[in-house]
Amino acid sequence: HVGAGSLAPQQIVVDTGRAGGASSPATLAAELRLLAELRSDRRIVPGSIQAPALTSPAVAAQANLIDASGRTIQIRAAGYGDAGTAQASDLVRAIRGTYIPRARFRSGERVLLTGGPAFGVDFVDSSYRAFPWLVLAVLSISYLILLRAFRSLVLPLKAVIMNLLSVSAAYGVVVLVFEHGLGRKIGLERSPEIEAWIPIFMFATTFGLSMDYEVFLLSRMREHWDAHHDNEQAVAHGLEQTGRIITAAALIMIAAFSGFTSGSFVGLQEFGVGLVAAIFLDATLVRAILVPAVMKLLGDWNWYLPAPIARTMRLPNQRSQLSG
């Protein structure tokens, strides 16, 4: 009835720094300039703007638009877009970057924008500013650990790429199911955007789980290679020895993660669908098809490790050159 934006309005707070400062002519003039900017924006619902300058002092105090000392004022404006949507985020940036500077509040007066949309923008900015570094750190540490575990330059790189492939595919599934509405056919909610925490949590969870599968598989292959130095036999042996374990583990985790989709909270549904898709794709297409196919094509290059790197990593002596 009231619209999505009314549930999470833009809230502008002006701290004048002194009692009674909200009623000073300079502050009132800046407030009116800001209100004019807000009224001219078509993303804001007409008539939704609330400010002390538009009401009597008694009404403003009752609506929490001004504090008892007259030091702080609040301006509220509801947009058409709900918090988290692109329209609401663009409005936040317009208010902060354009409308507030144009209002020209006095020096020393703090003007802050808060509310649901602003919180969403700040959360995304702060989280994804560090996310690329998190990804880089995880990939680098994983590569170095696997290099030492499997004594190969190529296998850790392949493992990291395949794990990224699983995570990326799961991201695509989540977008198709929720943003494009494919999940409506099976009773899932539809959402105009993927909640900001989903990609971060999905990366951390699915990368760790898919790396477990990779370690299971490559460990058996490495053992067979050390004993026989036959790449094709090593790949076949690894698949034979770990196929049932990987399949059983995948089925258990898919059943467990499916529980996230049973409620009506769209964020948990997105998380559950993403995990299920990642585990299913990783245990089938990636581990059963792509990994052995790539290792077949690479041949003995899978086990290549130059002697200087082996000495640096303090690894046991082994053949560092390609056979054949």
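Just above sits the structure.
No experiment lies behind these values; they were computed from the predicted model shown.

Participant: For this particular structure, what's the right way to read the pairing of strand β2 (residues 72-77)?
Facilitator: Taken residue by residue, a regular strand's side chains alternate between the two faces of the sheet. Along β2, 5 of the 6 residues are buried, which leaves the element largely enclosed by surrounding structure. Taken together, the 6 bridges between strand β1 (residues 10-15) and β2 define a ladder with antiparallel strand orientation. By the bridge assignment for β2, V13 is matched with Q74.

Participant: Would you mind showing me how to read the pattern of salt bridges here?
Facilitator: Charged atoms that come close allow side chains of opposite charge to pair. Considering all chains together, one arrives at 13 salt bridges under this definition. For the salt bridge of K296 with E232, the shortest nitrogen-to-oxygen distance reads 2.3 Å. Linking K296 in helix α8 (residues 266-298) with E232 in helix α7 (residues 231-257), this pair joins segments that are 64 residues apart in sequence. Overall, the relative accessible area of 46% leaves K296 in the partly exposed class. Among the ionic contacts, a cluster of salt bridges with common partners joins K158, E214, D282 and R287.

Participant: Looking at this model, I keep getting lost on a nonpolar patch on the surface. Mind explaining?
Facilitator: Judged by side-chain polarity, L165, L285, I289 and L290 come together as a nonpolar surface patch covering roughly 320 Å² of accessible area. It is α8 that provides the largest number of residues to the nonpolar patch, a total of 3 residues. Inspection of the secondary structure puts L290 in helix α8.

Participant: Help me understand the packing of aromatic side chains, please; the structure alone is not making it clear to me.
Facilitator: Centre distance and the angle of the planes are the two values used to describe a pair of aromatic rings. Counted under the stated rule, the structure contains 11 aromatic pairs. Between W225 and W303 the ring centres are 5.1 Å apart and the planes differ by 10°, which places this aromatic pair in the stacked class. In this pair, W225 sits in helix α6 (residues 197-228) while W303 sits in the loop between α8 and α9 (307-312), placing the two residues 78 residues apart along the sequence. By the burial criterion, W225 is buried, and W303 matches it.

So, how was this worked out
Residues numbered from 1 in each chain as written. Predicted model: local features only at pLDDT ≥ 70, side-chain atom pairs only at ≥ 80, totals over all residues. Heavy atoms only, no water. Buried < 20%, exposed > 50% of the residue type's maximum accessible area, 1.4 Å probe, protein only. Helix = DSSP H or I, 4+ residues; strand = E, 2+ residues; numbered from the N terminus. Pairing = 2+ DSSP bridges. Salt bridge = Lys/Arg side-chain N within 4 Å of Asp/Glu carboxyl O. Patch = residues over 30% accessible without salt bridge, like charges linked within 9 Å, V, L, I, M, F, W, Y side chains within 5 Å. Areas by Shrake-Rupley, 256 points an atom, 1.4 Å probe, with all protein chains shown as cover. Phe/Tyr/Trp six-rings, centres within 6.5 Å; stacked < 30°, edge-to-face > 60°.

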